[in-house]
Amino acid sequence: MNSDTTTAEQYADTAGRAVLETIRAYGVTAIFGIPGTHNLELYRPLDELGIRAVTNRHEQGSGYGADGWAQQTGLPGVVITTSGPGLQNAMSAIGTAFCESRPLIVLSPGVPLGAEFADVGTLHETKDATAMVGAIAEWSRRVTSAAEAVNAVHDAFALFRTGRPRPVHIEIPLDVLEAPADVSAEARRPRPVAARASGEPAALAEAARLLVAAKTPVIVAGGGAVDAAHEVTTLAERLGAPVLTTLNGKGVVDEQHALSLGSNLRLAAARAVAEDADVLLVVGSKLGEAELWAPRLEARGSVIRVDISPTQHDKNLAATVGITGDAAAVVEALLAVVPHETRPPRDLTAERSAIATEMRETAPDAVALAEIIADALPEDAIVAGDSSQIVYMALGSVLQSAHPHSLLYTPTYATLGYGLPAAIGARVAQTEHPVVTVIGDGALMFCVNELVTAVEQRLDVTIVCVDNGGYAEIRQNEVDRGMTPIGVDLVQPDWAALATAFGATGRRVERREDIASSIRAAIAEGGVQLVHLPQSAL
């Protein structure tokens, strides 16, 4: 028997395989990461298990790619990092997943058992990797056996199905990772799904009483409501209630629906609709300052809060009635006790006009450009945004989403460099819908290396780079504080040439009237396309 055969047999069924086999059994078909010296036994079984490996060019991109994939599949994104710097590179993505309540599993190797805190200069030595990630993740565990690692995977899926979905980290010591697993086939199979919590009967009854008696009810749907689109829409129609969403809840109700007021809570005119309600139903949102662009929502009527976590009931806005449970299950339970008669929809003409006027007055140039971009996109496009002015000042409101997860974005963590890798993840997950990322020049420089990832993966992804010459909002912040602008006016590469160098197709748009046609042409041609909109074209 040659040494290659011996090696293959030695690693035939390690803890690494047991973990990936368990993850595959739950339906995960892609992982994002970068192979490294210490994590190879997490990569060995991927091909055999039918798991696609997407090699990003930085682990932050791996985390955001996994996030985009997760939003299209309904399954957790999975990231494999190596020890030390590889894991640390993924920390921003882990922080994003925590703040935005996104399901993410991060797998990393660790120093062998007994070598913790040794400080002897081993490769990638880290003081305490588990504690480091635990400071920002939902939980971080250093396991001591293959069985414990597999159980951690099951615990992660149980969290994502029954609790608030947030990132988890499993550190597998190198000696455990490479050792025989000794975990039965049965132990690697998915565990039964717990029943979805549908709320306490007394709280449901009181909420139904308030809603039935309400004259001007309003619904606010957040990211926790994305799996309850049908139920929330049905309840809104039955109550004749306007629906506002957060950006994470965008599309819970089709934004072309007569009762939708879109994802416009950042605008005072939209917040006023919610604040004036005699009964405000908040489904799956913490009503955070980052979504409101205001310290808090000042509700004048009764408030019903529905959330998977009881700690959210009084966060930022005290609840008159708090209901703990899964959004879809709770709203379905409310529908069972709210009369089936459909009230006439409320006339929202004045409210829509006030919201549109404020949106345009706040950022007229950005809104005008966003309207051109939005008009150029196919109706079913998935758009990955970044923390760029064109997105948060305009496109987040201008885009009309028919379904949740049509706009991929991070309104709370507001990271730079999210858009392109998230678009890659979304395209890896599905090929039915075109995928476009709209991103500022400053944000694109955080993730431009992922252009070659998209090329390597043979994806159809269009990047629309809105170039305002650097960090324009921060420049204005400095001016408003009486500062001479510093560090915000950035040298720009030749973006079209750079894209071409990566193996993509680069397009520079010289005239404003050519923006829409250039975007349409890029999407139609396919492959990796970068459409550069320089300041002269804006």
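Everything below is about the structure shown above.
Quantities reported herein were computed from a predicted structural model and do not represent experimental measurements.

**Student:** Help me understand the side chain of Glu59, please; the structure alone is not making it clear to me.
**Tutor:** Residue position: Glu59 is located in helix α5 (residues 59-73). Buried and unpaired, Glu59 has no salt bridge, with Arg57 as the nearest side chain of opposite charge at 11 Å. Excluding residues that lie within four positions of it along the chain, Glu59 makes contacts with Ile34, Thr81, Gly86, Asn89 and Ala90.

**Student:** Mind showing me how you'd approach the packing of helix α11 (residues 201-213) against helix α15 (residues 327-337) here?
**Tutor:** Geometry of a packed helix pair, given as the angle between the helix axes and the separation of the axes. Packing of α11 against α15 brings their axes to within 10 Å, and their N-to-C directions diverge by 60 degrees. With respect to each other, α11 and α15 are oriented oblique. Regarding α11 and α15, the two cross each other, and that crossing is right-handed. Contact with α11, carried on its side by Leu204, Ala207, Ala208 and Leu211, involves Val330, Ala333, Leu334 and Val337 of α15 and no other residues of that element. Considered class by class, the residues forming the contact of α11 with α15 number eight nonpolar, no polar and no charged.

**Student:** For this particular structure, what's the right way to read the pairing of strand β10 (residues 302-307)?
**Tutor:** Each regular strand displays side chains that alternate between the two surfaces of the sheet. Along β10, five of the six residues are buried, which leaves the element largely enclosed by surrounding structure. Both strand β9 (residues 279-283) and β10 contribute to a ladder of five bridges, which runs parallel. Bridging from a neighbouring strand, Val279 pairs with Ser302 of β10. Judged from the four bridges that link them, β10 and strand β11 (residues 321-324) form a sheet pairing that is parallel. Residue pairing across strands places Asp307 opposite Thr324, the latter belonging to β11.

**Student:** For this particular structure, what's the right way to read the sheet that holds strand β3 (residues 77-80)?
**Tutor:** Hydrogen bonds between backbone groups are what pair the strands of a sheet, and the pairing can be parallel or antiparallel. Taking strand neighbours across the sheet as the criterion, the six strands line up as β2-β1-β3-β4-β6-β5 in an open arrangement whose pairing is parallel. Here the strands that pair on one side only, and so sit at the sheet edges, are β2 (52-55) and β5 (139-142). Across this sheet, the average inter-strand angle for adjacent strands is 20 degrees, counted without regard to direction. Bridge count between strand β1 (residues 30-33) and β3: two bridges; the pairing is parallel. Directly across from Gly33, in β3, lies its bridge partner Ile80.

**Student:** In this structure, what is going on with the nonpolar core? I would like to understand it.
**Tutor:** Inside soluble globular proteins, nonpolar side chains tend to come together where they are buried. Ranked by size, the top nonpolar core spans 81 residues in total, and within it Leu20, Ile105, Leu107, Ile170, Ile172, Leu444 and Ile463 carry the most contacts. Counting residues per element, this core draws most heavily on helix α9 (residues 146-162), which supplies nine residues. With 56 residues, the next largest nonpolar core counts Leu317, Ala381, Leu407 and Ile515 among its residues.

**Student:** Just to check I follow, could you spell out empty space enclosed by the protein for this structure?
**Tutor:** With a probe scaled to a water molecule rolled over the atoms, the places where space remains empty come into view. Summed over the entire model, instances satisfying the criterion amount to two cavities of 30 Å³ or more. In this model, the largest cavity occupies a volume close to 50 Å³. For the largest cavity, the full set of lining residues is Gly63, Tyr64, Asp67, Ala70, Ala93, Thr96, Ala97, Arg102, Pro103 and Leu104. At the level of secondary structure, the elements contributing two or more residues to the lining of the largest cavity comprise α5 and α7 (91-99). Here the residues of the lining of the largest cavity are counted per class, giving six nonpolar, two polar and two charged. Reported here for the second largest cavity is a volume of approximately 30 Å³. As for the second largest cavity, its lining consists of Leu247, Ser263, Arg266, Val391, Tyr392, Met393, Ala394, Gly396 and Ser397. Across the lining of the second largest cavity, the residue classes break down as five nonpolar, three polar and one charged.

**Student:** How should the side chain of Glu171 be read in this particular structure?
**Tutor:** Along the chain, Glu171 turns up in strand β6 (residues 168-173). A polar atom in the side chain of Glu171 sits 3.1 Å from the side chain of Arg142. For Glu171, the contacting residues outside a window of four places in its chain are Ser108, Pro109, Gly110, Val111, Ala129, Thr130, Arg141, Arg142 and Val143.

**Student:** I keep staring at the pattern of salt bridges and nothing clicks. Help me out?
**Tutor:** Oppositely charged side chains can form a pair if their charged atoms are brought close together. Throughout the structure, instances matching the rule amount to 26 salt bridges. Here Arg17 makes a salt bridge to Glu21, at a shortest N to O gap of 3.3 Å. Of this pair, Arg17 and Glu21 both sit in helix α2 (residues 15-25), four residues apart, which is roughly one turn of that helix. Residue classification places Arg17 among the buried positions, given a relative accessible area of 14%. The exposure class assigned to Glu21 is partly exposed, which follows from its relative accessible area of 23%.

**Student:** What is the right way to read the packing of aromatic side chains from this model?
**Tutor:** When we look at a pair of aromatic rings, we describe it by the centre distance and by the angle of the planes. Overall, the coordinates contain four aromatic pairs when judged by the stated rule. With centroids separated by 3.9 Å and ring planes inclined at 5 degrees, the aromatic side chains of Tyr26 and Phe157 adopt a geometry described as stacked. A residue pair is termed long-range when its members are at least 10 positions apart, and Tyr26 in the loop between α2 and β1 and Phe157 in helix α9 qualify at 131 residues. In this structure Phe157 comes out as buried when scored by relative accessible area, which is 3%. Taken together through their ring pairs, the aromatic side chains of Tyr26, Phe157 and Phe160 make up a single cluster. The aromatic ring of Trp139 is capped on one face by Arg141, whose charged end is 3.8 Å from the ring centroid.

**Student:** Where do I start with the pairing of β3 in this structure?
**Tutor:** Of the two faces of β3, the one holding Gly77 and Val79 and the one holding Val78 and Ile80 are both buried throughout. Bridging between β3 and strand β4 (residues 104-110) involves four bridges; their strand directions are parallel. By the bridge assignment for β4, Val78 is matched with Ile105.

**Student:** Help me out: how do you make sense of the environment of Pro345 in this one?
**Tutor:** Residue position: Pro345 is located in the loop between α15 and α16 (349-362). Sequence separation between Pro345 and Leu239 is 106 residues; the distance between their C-alpha atoms is 7.9 Å. For Pro345, the contacting residues outside a window of four places in its chain are Gly240 and Leu259.

**Student:** Sorry if this is basic, but what is going on with the sheet that holds strand β7 (residues 217-221) here?
**Tutor:** One open sheet accounts for five strands, arranged β8-β7-β9-β10-β11; its pairing is parallel. Of all strands in the sheet, those with a lone pairing partner are β8 (243-245) and β11, marking the two edges. Strand-to-strand, the axes of this sheet are offset by a mean angle of 15 degrees, without reference to chain direction.

**Student:** Can you walk me through α2 in this structure?
**Tutor:** Residues spaced three or four apart along an α-helix point in a common direction, a consequence of the helix completing one turn every 3.6 residues. Within α2, eight of the 11 residues are buried, which leaves it mostly tucked inside the rest of the structure. Buried within α2 are the following residues: Ala15, Gly16, Arg17, Ala18, Val19, Leu20, Thr22 and Ile23. Downstream of α2 by a residue or two, Gly27 has a phi angle that is positive, lying close to 110 degrees.

How each quantity is defined
- Residues numbered from 1 in each chain as written.
- Predicted model: local features only at pLDDT ≥ 70, side-chain atom pairs only at ≥ 80, totals over all residues.
- Heavy atoms only, no water.
- Helix = DSSP H or I, 4+ residues; strand = E, 2+ residues; numbered from the N terminus.
- Buried < 20%, exposed > 50% of the residue type's maximum accessible area, 1.4 Å probe, protein only.
- Lys, Arg positive; Asp, Glu negative; His and termini not counted.
- Salt bridge = Lys/Arg side-chain N within 4 Å of Asp/Glu carboxyl O.
- Contact = heavy atoms within 4.5 Å.
- Axes fitted to C-alpha atoms, helices over the stretch in contact; angles between N-to-C directions.
- Parallel < 35°, antiparallel > 145°, perpendicular 65-115°, else oblique.
- Left-handed = near helix turned anticlockwise from the far one by under 90°.
- Nonpolar A, V, L, I, M, F, W, Y, C, P; charged D, E, K, R; others polar.
- Pairing = 2+ DSSP bridges.
- Core = buried A, V, L, I, M, F, W, Y, C linked by side-chain atoms within 4.5 Å.
- 1 Å grid on protein atoms, 1.4 Å probe; cavity = no way out; pocket = protein on both sides within 12 Å on 5 of 7 lines; lining within 4 Å.
- Points joined across faces, edges and corners; volume = space filled by probe spheres on them.
- Polar contact = N/O pair within 3.5 Å; in protein donor to acceptor, adjacent residues only side chain to side chain.
- Phe/Tyr/Trp six-rings, centres within 6.5 Å; stacked < 30°, edge-to-face > 60°.
- Lys NZ or Arg CZ within 6 Å of the ring centre and 35° of its normal.

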